[in-house]
Structures are given as C-alpha cells and as structure tokens.
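Examining the three-dimensional arrangement
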Amino acid sequence: MRLSLSIAAAGALDPWMDPSDTPMDRAQKLVGEMTLDEKILLLHGQGCGYTGGYGGIDRLGVPCFHLNDGPQGFRGDAGTSTSWPASLTVAAAWDPEAMRLWGAAMGDEFYRKGAHVQLGPGLCVARIPRNGRNFEYLSGEDPYLGYVLAKPVVEGIQSAGVVANAKHWVNNNQETDRGTISENVDERTQFEIYYPVFEGAIAGNVGSFMCSYNKVCQNCNATEIGKWSCENPDTLKVDLKERLGFKGFVMSDWGATHSTSINEGLDQEQPGSDYMAAKLKAMVESGEVTQEKVDDSAVRTLWPIFQVGLFDKPNNNTQSTNVTTEAHRQLAKDLSSQGTVLLKNDGVLPLKPEGPLNIAVIGSQAQLPVVHGGGSGEVIPSRVKDPLTSIRAWVGLPPLPAPINNCSNKAYETGVDFFNNDGQSELDATSVDECCQMCSARGDCVGFSYQTARKQCWMKSDTKNRVPNSEVISGVCKNTPVPGVDCNKDVCVHYSEGLDHAEAVALATAADVTLIFGATTSSEGSDRGDLTLGDTDSLIVDVAEAAGNKVVVIAVTPGALLTPWRDQVGAVLTPLMPGQEYGDAIAEVLFGTVNPGGKLPLTFPNAANEMEITKEQWPGVAGAAFYSEKLEVGYRWYAAHDVKPAYPFGHGLSYTSFEYANLVVSGRTVTVEVSNTGAREGQEVAQLYVKFPAEAGEPPMQLKGFSKVELKAGETQTATFTLDDRTFSIWDVTTHAWAVVPGTFQLMVGSSSGDIRVTANTTSSVVAYV
C-alpha cells in the first residue's frame, strides 16, 4: 500500500509519472488505473484538517488534497500568515505585475502551509454597491479590468505549486438571501459583463472553479425562479465548459450542492458527500450517469494537480507553520500604498515633516483600525501597523504608552452578554484578556462582551441589557487616558479619538493640518446597511467647519463610499481595505515618499441609491433578483444617464500632473503621449474607453484598455493599446458567439471615465477578422 504522494513520485514505472507527457495525459492515465470507488473519492469533500479536501487513494499514492480559504491569504491559525490588502485594494493599482507578485506571495504561503488548492481569487463584478463581498473581488465594477487582472494573479498563485480557484461562478452579486435568491439575467449580459473576468482566469490556466450559493435563471422574466448555480447546465456545462473552454474542475461552495448534479456540470461536492458518493455510485450502476462522465470529472480534478507539479514535487508541509516573512510584510505595505487612491487634494498633501508642523490626528481608527473584511476572506495577522504609531514614528516620536486598565484582576462575568447596539464595534481577539485590553485602549468602550467560539470582541459604550449566553464572557473596563500631545523639536502630533467633537474641533483649529481617520467594513453573509462612515461623517463635518481645507480624510472602505463632506475638506484618501501594514503604507503616502497612483476600480456615488436600483433588482422580490439594468452596471449607468458621480470609475489623483496629446490610431494599435507636467516623479494609468455605434445597443462608454506609465518630472512616454476583434464585438444571442459590429467607433483616452483628454474615431474594419 502506498502511504503518501512522495512514494508515488518515486514509482518510476507508474504510467502517470512520465513528466514528458502533458498534465492532461497524465491525469487520464492515473484515472485509468482507478476503480469506480476510487474515482468517486475525487468527487466529494473530505476534511483532512483544512477547510476542505478530496482524494485520499492510498493504493495509488494519491493523498488527500488540501483546500483552504481564502481569496486574500491563508485563513488559519491567527498570526501565522500575512493579512494582505483586499483584492479590491490590489485592483486599485491597475497593475497586472502587482497582481502577479501578490498571487505568487499568497501561493507561497499556501504551499508552505501544506495547502494544494487556494480557494481564491475572488472575481465577481460589483453589480450592487452594497454587496458585502465587493472587497473580496478584484474586478471592481468592470469586466475588462477584471479580465486583465485575473490572469496574472492566477498565474502567480499556480507558479508556487498551488492550484487557484476562481470564484464565485456565477452572479454571486449579493449576500442578502444568497442561499435562496434566483439571479435572473439575460445571456448577452452574462457574456459581456459577468463572464469576461472568469475568461481571464481561464486564460491563466486556472485549475478550478467554485460555483455559488445562489440560483441562476438565464433569459427569464422578473418572477421566474432558476436552477441552483451548482446544478445549472446552462452556466456550468454549456457556458463554462463548452463555450468558455474551461478544462479544470468545478467544486461547490460549502453546502451549495443540492443534488447529484454531475450530468449538469458539477465535478465535486464540498465539504461532504451527501450527493456525490453513494448516490453517485448508485446512479452509475443504474445507468443514469455514465462511466465516461465520472472519468471526465475525475480527470478534471487531477489535471491541475499535475499542471502545478504536485505529483513531481509533493507538498508535505503543515498548516502550523508560520509562513509570513519580512519580505511579504514589505510587499503587503507596497501593495497597500500602490492601491491607495487620492480622491481630492487642494494642496494640503504631501505633508512636510521637516517642520515646523503641528499635526492633529483624530479618530479611533488611527489607533485601532479596520484593515480587512469578515468571512472566508478574513486573515488574522500577527500585527497591525496602526496609522497613529506610524505617523509618530515618521516624525521621530515613540508609540503612545499603553493605557492603565483594570484587566489585570480578570473580574469577568462568564455566561453574560451585554446585548445592545449602543456605540458598539467589533474586532477579532484571541482571548478574553486581549478583548479587555482592546476595550481599555478605547475611550468609547465601557464594557465588552467576548464571544468565545467566534473569538469576537464586542466593545460597547455601556453595559445595558444583560442577557444569559453560555458562549460569552463580559467585563467592564476603566482606563486612564494616555497623553494626547507629543512633540519632537518643532514637529508635534496631537491625538484625539474624536468622541468629544468640541475637543476635536479645538485640536484641529490649533493644528497646521488635521488627519481624520474613519472606516466602515463588511463581511460575507450580509450586505452593507449603507455606504457611510457612520458617526465619523458628523465628526468630519464639525471639524471641517472649523478647520476647512486643512482637513485630510482617510477613509477605509470595502467598496463604494458616500462622501457628503468632500467639498468642505482639503484632501481625501482611500486605501479601500488596506491589510495589516496599513499604518506604514498610509504614512508613506501622507508624507510623500510614495506618490499615490491608485485609481478607483468602482464608482463613488453622490447619494445613496443614485442608480435608482429597485427592489426587483436588489435584493429581489418573491425570491428573484431581476437584472433589468442589463449592461448598465457601474460607470456604464452613469454614462448612459448623463450623471456625474462624486468620484468616477478610474479616478485617482497624484502629487504631480499629467497631460495627454497626439492620439494616433494605426490599424490595431492606438498610441497616446502622456507627459508629466509637474515637479516630481509619478505614475499615471492612461485609460482607453470605446463608444460603439448606436445601433449596437451598448452603453456610451466601456473600458477596452489601460496602460500604466511611470514618468519623471518633465518626461513624456507613449502609452500603447492593442485592439482586437473583441474590442468591437457584442455577444450575439442568436449565434451564441461574439460578433464584430460594423461601423464607426469613438476612442476616448483619459485619466478616468470622467476625465477624457483626447478622442479619435476608427472603424471595426481595421481589425483582421478570424
């Protein structure tokens, strides 16, 4: 009996171990040696000590392959892997090479944790601004951006010997009712908006897909109910495997299998074996499922394993290993700063730390920041670099001393929950002692309730509504405020949590510059209640009324954000979801060591529900969410309805300035000159948008290319875009294929979807048709 993959690797005579064969040939040879029972072991879940697993065929030396969360890093023992910036933050760099580096670093950590499959990247296009998982998805609101960025992150992950998993297929565009909702979308919209990013992953040879919890109903009316995503032959069998040519395997999301749906296109049930084990075998024996179908699915589960080299170089690492490194922390910082977007700047930034300078730092998010969202995309870091400490360090000041508290006497109440919503906030904590310390560090925290099973620390402004709960330990914190002012020579940093608005206003009025830190977050399992910063919005208004353009707002957000105070402040920055190195990354941007070059991957609206989304569209009526907007998603809606948002898709300023000139169209190639007209080096993302002929029925503009250039002061470079058939095509629902639209197209190049600098016309006839 073979006991491990390493023994199989030593078996030179095994026909599937010939490295000169293709991965597909090797997978077919190995499956050819298996019994039906052994093949079925590849088609359902086994725990194996990780998030999930499959395999475990001792006779042939096939181990249990380990699957693990998540799309933004290895979710496991707290503090043993890197808590990277969110996918949305990395996407904001608009840089395929940054995506590749991120993917390779994540893959390296998964490999050294003993995982064979990373359950990521997350790819879905942001249809709904309040979707709770938008931070997990690298597409933002645009299919072309997602298409370009998906390929390198997949290649990066798989270069480390780990199979990537593209998720969630498909239309996982809301968390509200995600386990029951039918997403009703037409075929053309699927192929033009929601499928392209997954095509990008396929172009990167992604090994696996994950089908989603929701139902999908293609070409249905507003009230029809579709089939579960994991048993939908239209989306799985026809669209994904036949039309898009996906060669790997489709696993279900955890608990998303509702039947033995191998004939419909599902290859693997996760995390258990309710449908794809004994029931599958019975269906094979009865003839309802063919041996060929089982063989096809089994081969699909093994092809990516051979592709990434796991049979030739077995991975025997364990998940207890601490895999974060200084190099990865540095990369996390760089990705965070590169993905930070400068939304507004009236000259207040960058800061000049040589003095004299009086800085007011306001908001508890400067000291205890939100740096990631919740759910399967959450990674608990070994450390979080908070902005206040990093800003103080930048000007030569030590961290603030820890506050005095009463946690040392451990006077906790087991089985009691302060069950109220009064001024509460939640952070992860490894123990009740850590929760008490966290509460003590906050001026707004009077008591805490620690959920032991979930390791969640709920910090509250009072202890009202005491209820019994066996899984909760509660306590009361009393603290002595730490010193709030400190100076190094002629540079001072003053800190206020911002709970007392009058105190914050006084601090800001006396300062040369005021930095207000705010945050909102979201999580898998629920959509966002709104797009605001909560109480921080009123704090910003009060402070800005007194301090005006001396105020800089730094807003952490998992997606779109309302900024009603933007005209009252001097500058606005968003790192989106910045990851564990947030403090050092944002300090580099504030003080100008890093010139911000990030661009918004989604639109920031002027008002709540600016796109007039109806209940029928979201969250749905009578079990169905109807995609009546069709192609008008995100900035496409704004262009179609001639509405100017607060901050448009693709927007992002710099500490320098850029000019565009000489747009030239030559056959398939488009070039434009980009010049740095400012006084310092900077990066610009030149963006190409295309307007189709009116008869095509497309939105007025859509992204079809982008080029990131780095320019020294006074330098000019040529940004180049390559056109192809797809640039000028729409999805033809009659032929079920892409069709080039004849006629004249307008090419628009600029700094964002709302800042077009140069235009030209071309015709689709310039493209050599295949």
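Everything quoted here is computed from the prediction, not taken from an experiment. (Residues numbered from 1 in each chain as written. Predicted model: local features only at pLDDT ≥ 70, side-chain atom pairs only at ≥ 80, totals over all residues. Heavy atoms only, no water.)

1. Description of the overall build of the protein
- When you go through the protein residue by residue, the secondary structure sums to 18 helices and 31 strands.
- Against the globule reference of 27 Å for 770 residues, the protein gives a C-alpha radius of gyration of 27 Å, in line with a compact fold.
- Sequence-distant contacts in the protein: of pairs separated by 6 or more residues, those separated by 24 or more amount to 74%.
- Counting only carbon and sulfur atoms, one obtains 50% of the accessible surface of the protein, whose full area is about 27100 Å².
- The averaged location of the 92 negative side-chain charges in the protein is 2 Å from the averaged location of its 59 positive side-chain charges. (Helix = DSSP H or I, 4+ residues; strand = E, 2+ residues; numbered from the N terminus. Rg over C-alpha atoms; globule rule 2.2 N^0.38 Å. Contact = heavy atoms within 4.5 Å. Areas by Shrake-Rupley, 256 points an atom, 1.4 Å probe, with all protein chains shown as cover. Lys, Arg positive; Asp, Glu negative; His and termini not counted. Charge placed at Lys NZ, Arg CZ, Asp CG, Glu CD.)

2. Regarding unusual backbone geometry
- Cis peptide bonds are those with omega within 30 degrees of zero, and the linkage from lysine 167 to histidine 168 qualifies with 0 degrees.
- Tracing the sequence through the fold places histidine 168 in strand β4 (residues 163–169).
- Cis rather than trans, the peptide bond between tryptophan 618 and proline 619 has omega equal to 0 degrees.
- Within the secondary structure layout, proline 619 lies in the loop between α17 (582–590) and β22 (624–626).
- If you check the backbone angles, lysine 489 has positive phi at about 60 degrees while not being a glycine.
- Structurally, lysine 489 can be placed in the loop between β17 (485–488) and β18 (491–496).
- A relative accessible area of 80% places lysine 489 in the exposed class. (Buried < 20%, exposed > 50% of the residue type's maximum accessible area, 1.4 Å probe, protein only.)

3. Quick notes on the packing of helix α12 (residues 326–338) against α17
- For the pair α12 and α17, interaxial distance at closest approach is 8 Å and the crossing angle is 45 degrees. When the axis of α12 is compared with that of α17, the two are oblique. The way α12 lies across α17 gives a crossing that is right-handed. Of the residues in α17, those touching α12 at Lys333, Ser336 and Ser337 are Asp584, Ala585, Glu588 and Val589.
- When its residues are assigned to classes, the contact of α12 with α17 shows two nonpolar, two polar and three charged. (Axes fitted to C-alpha atoms, helices over the stretch in contact; angles between N-to-C directions. Parallel < 35°, antiparallel > 145°, perpendicular 65-115°, else oblique. Left-handed = near helix turned anticlockwise from the far one by under 90°. Nonpolar A, V, L, I, M, F, W, Y, C, P; charged D, E, K, R; others polar.)

4. Observations regarding the nonpolar core
- With 100 residues, the main nonpolar core has Phe209 and Leu302 as its most contacted residues.
- Residues within four places of leucine 302 in sequence aside, it is in contact with Ala27, Leu30, Val31, Met34, Leu42, Phe65 and Phe311.
- Counting 37 residues, the second-largest nonpolar core is a separate cluster that includes Val370, Leu400, Val513 and Val556. (Core = buried A, V, L, I, M, F, W, Y, C linked by side-chain atoms within 4.5 Å.)

5. Description of the sheet that holds β4
- Reading across from one edge, β1-β2-β3-β4-β6-β9 is the order of the six strands in this open sheet, with mixed pairing throughout. Of all strands in the sheet, those with a lone pairing partner are β1 (52–57) and β9 (249–252), marking the two edges. Here the strands of the sheet are splayed against their neighbours by 25 degrees on average, with no regard to which way each runs.
- Pairing of strand β2 (residues 62–69) with strand β3 (residues 117–119), which is carried by three bridges, proceeds in the parallel orientation. Looking at the pairing, leucine 67 lines up with valine 117 of β3.
- Set on the sheet, helix α6 (residues 143–159) makes contact with β3 and β4; between it and β4 the angle comes to about 140 degrees. (Pairing = 2+ DSSP bridges.)

6. Some thoughts on the confidence of the model for the protein
- Scored by pLDDT, the protein has a mean of 94; 96% of the residues are at 70 or more.
- Low pLDDT, under 50, characterises residues 1–11; the stretch is placed with 25 contacts to residues that sit more than four places away or in other chains. (pLDDT = per-residue confidence, 0-100.)

7. Section: the packing of aromatic side chains
- Within the structure shown, the criterion is met by 25 aromatic pairs.
- Seen from their ring centres, phenylalanine 74 and phenylalanine 110 are 5.2 Å apart, and the 65 degrees between their planes marks the pair as edge-to-face. Remark: phenylalanine 110 occurs in helix α5 (residues 96–112) and phenylalanine 74 occurs in the loop between β2 and α4 (87–91); sequence separation between them is 36 residues.
- You can call phenylalanine 74 buried: its relative accessible area is 1%.
- Of the aromatic side chains, those joined through ring pairs into one cluster are Trp169, Phe191, Tyr195, Phe198, Phe209, Phe246, Trp731 and Trp738.
- The ring of tyrosine 627 is capped by arginine 127, whose NZ or CZ atom sits 3.6 Å from the centre of that ring. (Phe/Tyr/Trp six-rings, centres within 6.5 Å; stacked < 30°, edge-to-face > 60°. Lys NZ or Arg CZ within 6 Å of the ring centre and 35° of its normal.)

8. Brief notes about the sheet that holds strand β8 (residues 227–228)
- One open sheet accounts for four strands, arranged β8-β7-β5-β22; its pairing is mixed. One side of each edge strand has no neighbouring strand; the edge strands of this open sheet are β8 and β22.
- Here strand β7 (residues 215–218) pairs with β8 via two bridges, running antiparallel. Looking across to β8, one finds that valine 216 is bridged to lysine 227.
- Along the sheet, helix α7 (residues 187–194) contacts β5 (182–185) and β7; its crossing angle with β5, the most-contacted strand, is approximately 95 degrees.

9. Structural notes on helix α2 (residues 23–32)
- Burial in α2 covers these residues: Arg26, Ala27, Leu30 and Val31. Down the axis, α2 shows its buried residues gathered within 130 degrees of arc, on one side only. (Arc of directions from axis to C-beta.)

10. Notes on the state of the cysteines
- One pass over the structure, following the stated rule, counts seven disulfides.
- At a sulfur-sulfur separation of 1.9 Å, the disulfide partner of cysteine 217 is cysteine 220. Sign of the S-S torsion, about -75 degrees for the bond between cysteine 217 and cysteine 220, identifies this disulfide as left-handed. Judged on exposure class, the residue cysteine 217 and its partner cysteine 220 are both buried.
- The disulfide partner of cysteine 435 is cysteine 457, and the S-S distance across this bridge is 2.0 Å. Between cysteine 435 and cysteine 457, the S-S dihedral sits near 75 degrees, and the bridge is therefore right-handed. With cysteine 435 in helix α14 (residues 432–440) and cysteine 457 in strand β15 (residues 456–460), this residue pair connects regions lying 22 residues apart in the sequence.
- For cysteine 435, a relative accessible area of 0% puts it in the buried group.
- Looking at cysteine 457, the relative accessible area reads 0%, which means it is buried. (Disulfide = S-S within 2.5 Å.)

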